Structures are given as C-alpha cells and as structure tokens.
Amino acid sequence: MNVDQLLRASLKEQADEVEPASADLADRVLAGRARRRTRRLASTAVAVAALTAAAVTVPRALDSGSDAQSPAARSVTAHDVTGHPDQSPPRELIAAGDTAVAAWFTTDWEEQPNGDRDQVRSYHLYDAGTGRYTPAADWSYVSVAPGLRTAAVLERDLPARRIGLVDLRTGEVTRWIAVDRPVGSAEFSPDGKKLLVTTYDRNPDHYSQDTPLGVDGKDEPGPDASRTGFGLVDVASGAASWHTKKEKADPLYQAFALGRSDFVWSHDGKWVFGQLADMKTHFFDLDGASVPRPASEQGTEVYTAGPAPDGKRAGGDFAGRGKEISSWIVDPGTGRKLGTVPAQQLLTWADNDRLIGWSCDPAACRGKNEFRNRLVLVETGKKTVTPLSGFRPASADGPRRWTPVFAGRR
C-alpha cells in the first residue's frame, strides 16, 4: 500500500464513521504540519486596552447566508468580543476573552527549476496603533508573544541561523538571536520567556520529486524528512539548550510524519510534545528527556484546542454526525466526552468557558464546500455561535485561504 492508498483508506475509514468529514481534513493531513497548535498562549492572558469598533451587535446564531452582511452585522463588539463577519481575510482586530488573532498568513507554492517546490507563507501582523493587520516583511515564520507587542520571526531562507525579535508597534527588528543549530520554527512559551524551536537540516517546507506523494493517481513532489530535534532559547539572554530527536520514518509514513512537523508547548509550558515517526504523540520535559503523557493531557492530541486555562475541560476533535456540526468537549485527564459545541474544528480557548474555532456555512457544509468556514466563538453548554470573521474560500488551498496566529492579550 503506497502513501496515496493509505491516505484514501484513512479518509474513507473516517468518512464511514463521521459525516460530514472533519473541517480542514485535507489541510490537517497533508499540510497540517505547517500549522502549530494555538491554545498554548491562551492560559496566561487577560483583556487589555479598549478595542476599536464600528458597531455593536448581540451574538447570534450562525446563519447560512452569503458573505454579504447587513450593516448592523458588519462588526461584533460586545463586552470582550471583537469580530468582523464581513472580513476574510480580516483587516481589523479579531479577539475574544483572553485571546486575539495576533497575525494571519496565507500560503502559496513557489516552483523550483528542478521540478521541486516550496510552500511559502505571507504574513499580516496586528498593528495596535492602527487597529489593523498590516503586511509583514518577508518572514517565513512568525510567532507572537503574549501582550501583542513582540513577534519572533525567521527569515525567508530556511532553516534559519538566527531569530529576529520584532517590535509590533514599529515593525522593526530590535534584536537578533543567533542559534547554534538551524531552525524552522520559533514559538513563544505561554509566559513569553522562552522560545521553542524545531531544528531541521533542510527547509521543512520544501517538497521534493525524490520523495513523491501520490495525489489523485499521480505523483507530486512530497515532503522531505529533515527534522532533527528541538531547542529551548531563553529570550532575555539568548542562551539555548538543544535536544536531538532525529528519526527515520518508514517510507509509508513519510508524508504524514516528517515534512514540517514542529514540536509544540503543552498548555502550561511544562512539556514539549509532537508526533514522531511512529505516528504517536511523544512528550518531553524541558531537559529533553522522554516522559509519559502527563495526566492533564490524557484526552488531547496535537490537533485539538487542548485544556482550558483552568484545566477542567479540553477542546477535542470533530464530533458531528448527520446534519450536526459539532466538536467534543472532553475531560483532559481521561478523554471522557462531556458534551459538544457547535463548531467544526476547535482552535484555542478564549477563557475557561469559551473557545474559538472554525465552522462552515450550514447550508453548504457537505463535500467540497466543507472548506467554506469562518472563525466563530462558541461556549460550553450552549448552542449559540458568534461569527468572528468572514468565510474562507470553499477550497483547501485557495489564494485567500488564511490561517490565524493566536496570542494572549496580556
């Protein structure tokens, strides 16, 4: 069985169990390695300065209409929620509770002369001075620290030998941190004091004809195994510790395990974890030693919203069956299902009771149209949905298909 057959079998198995298919299913399997878990910054955040707004509406149920909105629905500003249901990608701040969309990016393919190709990102960063998202410099990777004042950036050519710290009020790099090993990502810890970097010996976003991926019956350039481990960089001093985790994947799992496959923080910043070549999630302490899955992470995986800030509940996987569009809320210690909320894919917690996630247009959330989704705010124990953004294009890789970068608001 080749990778293409494995992928199809896996998707068919899921489709037999759940209908409609999980939101962003293709993105998560094939391109999901470029996405990092977003919940890790929410646990330290509280609300900050007053937010710019144009109109006030009451949170309402998700409608099935077009992108066109009535004037009263063009902005959502209620208490600590700011949304723009008419904007996709967003131009003005999106935030709820303790969490904000600090940046967003789109991806595109850059063809190489030898037939290979690179996946490249284009970022927009939130500018607190204007209240808008502005195009960033030519960065390949961006993470934003709690408080929305500082971003860690990597230059276009990956893997990088230095990390830039950008002042989001000016857009200028205030400092460069040299690193001893080449890195392909740099993620702030929940307290903003450390950077978790994933090390690679080649560009993790490079797709090679030497490692082809079967797509729709033909071979296309596939991801190249190049991850070597991770490091922890102290932001204040620049001192770093390095931990080698290089592995060789079975060719059958090459496309799944070892393209861009960044390590991520646990929700409380005590551990680092990620999927290894065996397709299992492994946890490590901050000294790089392998540890059993922590009790607080028993019911979560890499691609879930994870535990709430108070650790009492966790946002789980897609749960929808039939006409229902929902995701599970689970006990983080046991994985026991506690209920559902009306969203396709949960991304991060806004506070202890509310989550931000993707949800699709209920009138068109079948088959190819499942990708037409937007950011929404949902609350445990309730069925109401507050739209935060406009809909993304109804395709897995449209030119305006954007991905949010979340950060704590303080």
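Residues numbered from 1 in each chain as written. Predicted model: local features only at pLDDT ≥ 70, side-chain atom pairs only at ≥ 80, totals over all residues. Heavy atoms only, no water.

1. Here's the deal with the overall build of the chain
Then, in step 1: A count of helices and strands for the chain gives three helices and 28 strands.
Then, in step 2: Classification of the 410 residues of the chain by burial places 56% in the buried group.
Then, in step 3: Within the chain, contacts between residues separated by at least 24 positions form 56% of all contacts whose residues are at least 6 apart in sequence.
Then, in step 4: With the model as given, the accessible surface of the chain reaches about 17000 Å², and the carbon-plus-sulfur share is 50%. (Helix = DSSP H or I, 4+ residues; strand = E, 2+ residues; numbered from the N terminus. Buried < 20%, exposed > 50% of the residue type's maximum accessible area, 1.4 Å probe, protein only. Contact = heavy atoms within 4.5 Å. Areas by Shrake-Rupley, 256 points an atom, 1.4 Å probe, with all protein chains shown as cover.)

2. So, the environment of F406
Then, in step 1: Within the element layout of this structure, F406 appears in strand β28 (residues 402-408).
Then, in step 2: Distance from F406 to A102, taken between C-alpha atoms, is 5.4 Å for residues 304 residues apart in sequence.

3. Quick word on the sheet that holds strand β24 (residues 345-349)
Whether parallel or antiparallel, the strands of a sheet pair through hydrogen bonds between backbone atoms.
Then, in step 1: One open sheet accounts for four strands, arranged β24-β25-β26-β27; its pairing is antiparallel. What marks the edges here is a single partner per strand, and that holds for β24 and β27 (385-387). With strand direction ignored, the average angle separating the axes of adjacent strands in the sheet is 35°.
Then, in step 2: Summarising the sheet, strand β26 (residues 373-379) and β27 pair through three bridges and their orientation is antiparallel. Bridge pairing in β27 places V376 opposite P387. (Pairing = 2+ DSSP bridges. Axes fitted to C-alpha atoms, helices over the stretch in contact; angles between N-to-C directions.)

4. Focus on the confidence of the model for the chain
Then, in step 1: Predicted confidence across the chain gives a mean pLDDT of 79, with 73% of residues reaching 70 or more.
Then, in step 2: A low-confidence stretch, residues 1-73 (pLDDT under 50), is modelled with 198 contacts involving residues beyond four sequence positions or located in other chains. (pLDDT = per-residue confidence, 0-100.)

5. A few points about the pairing of strand β9 (residues 160-167)
Then, in step 1: In terms of burial, β9 is largely enclosed, as six of its eight residues are buried.
Then, in step 2: Strand direction decides the pairing type here: strand β8 (residues 150-155) and β9, joined by four bridges, are antiparallel. Each bridged residue has a counterpart across the sheet, and for V153 the counterpart in β9 is G164.
Then, in step 3: In sequence, β8 turns back onto β9 through a hairpin of four residues.
Then, in step 4: The pairing of β9 with strand β10 (residues 172-188) spans seven bridges and is classified as antiparallel. Looking across to β10, one finds that I163 is bridged to I177.
Then, in step 5: Remark: four residues form the turn of the hairpin made by β9 and β10, two consecutive strands paired antiparallel; G171 in that turn has positive phi of roughly 80°.

6. A short note on the packing of aromatic side chains
Then, in step 1: Counting across every chain of the model gives ten aromatic pairs.
Then, in step 2: When the ring of W139 is compared with that of W176, the centres are 6.4 Å apart and the planes differ by 65°; the resulting orientation is edge-to-face. Of this pair, W139 sits in strand β7 (residues 139-144) while W176 sits in strand β10; the two residues are 37 residues apart in sequence, bridging distant segments of the chain.
Then, in step 3: What makes W139 buried here is its relative accessible area of 11%.
Then, in step 4: We classify W176 as partly exposed; its relative accessible area is 32%.
Then, in step 5: Of note, R121 hangs over the ring of F105, and the distance from its end group to the ring centre comes to 4.3 Å.
Then, in step 6: Positioned over the ring face of W358 is R392, at 3.6 Å from the centre of the ring. (Phe/Tyr/Trp six-rings, centres within 6.5 Å; stacked < 30°, edge-to-face > 60°. Lys NZ or Arg CZ within 6 Å of the ring centre and 35° of its normal.)

7. Observations regarding the pattern of salt bridges
Then, in step 1: A complete count under the given rule lists twelve salt bridges for this structure.
Then, in step 2: Measuring nitrogen to oxygen at the nearest pair gives 3.2 Å for the salt bridge that ties D201 to R202.
Then, in step 3: Under the relative-accessibility criterion, R202 is labelled partly exposed at 36%.
Then, in step 4: In this structure, D262 engages R260 in a salt bridge whose closest nitrogen and oxygen atoms are separated by 2.9 Å.
Then, in step 5: For D262, a relative accessible area of 12% corresponds to the buried category.
Then, in step 6: Given the relative accessible area of 3%, R260 is considered buried.
Then, in step 7: Beyond isolated ion pairs, a larger network of salt bridges with shared partners links D80, D351 and R354. (Salt bridge = Lys/Arg side-chain N within 4 Å of Asp/Glu carboxyl O.)

8. A word on the pairing of β24
Then, in step 1: Burial analysis of β24 places five of its five residues in the buried class, the great majority of the element.
Then, in step 2: Strand direction decides the pairing type here: β24 and strand β25 (residues 354-360), joined by four bridges, are antiparallel. Each bridged residue has a counterpart across the sheet, and for W349 the counterpart in β25 is L355.
Then, in step 3: Once β24 ends, the chain turns through four residues before running back antiparallel as β25.

9. Topic: the sheet that holds strand β21 (residues 314-318)
Then, in step 1: In spatial order, the strands read β20-β21-β22-β23; together these four strands make up an open sheet with antiparallel pairing. Each of the sheet's edge strands pairs with one partner strand only, and the pair in question is β20 (306-307) and β23 (337-341).
Then, in step 2: Pairing of β20 with β21, which is carried by two bridges, proceeds in the antiparallel orientation. Within β21, the position partnered with G306 by the bridge is G315.

10. Comments concerning the nonpolar core
Then, in step 1: Of all hydrophobic cores here, the largest spans 52 residues; its most connected members are V142, V144, L154, I163, L195, I356 and L375.
Then, in step 2: For this core, the element with the most residues is strand β4 (residues 99-111), which contributes six residues. (Core = buried A, V, L, I, M, F, W, Y, C linked by side-chain atoms within 4.5 Å.)

11. Topic: the environment of D351
Then, in step 1: Structurally, the position occupied by D351 is in the loop between β24 and β25.
Then, in step 2: On the basis of relative accessibility, which here comes to 16%, the residue D351 falls in the buried class.
Then, in step 3: A sequence separation of 42 residues divides D351 from P309, and the C-alpha atoms of the two residues are 6.6 Å apart.
Then, in step 4: Apart from the residues within four sequence positions on either side, D351 is in contact with G97, D98 and P309.
Then, in step 5: One polar contact links the side chain of D351 to the main-chain amide nitrogen of D353, over a distance of 2.9 Å.
Then, in step 6: Looking at D351, its side chain comes within polar contact range of the side chain of R354, at 2.6 Å. (Polar contact = N/O pair within 3.5 Å; in protein donor to acceptor, adjacent residues only side chain to side chain.)

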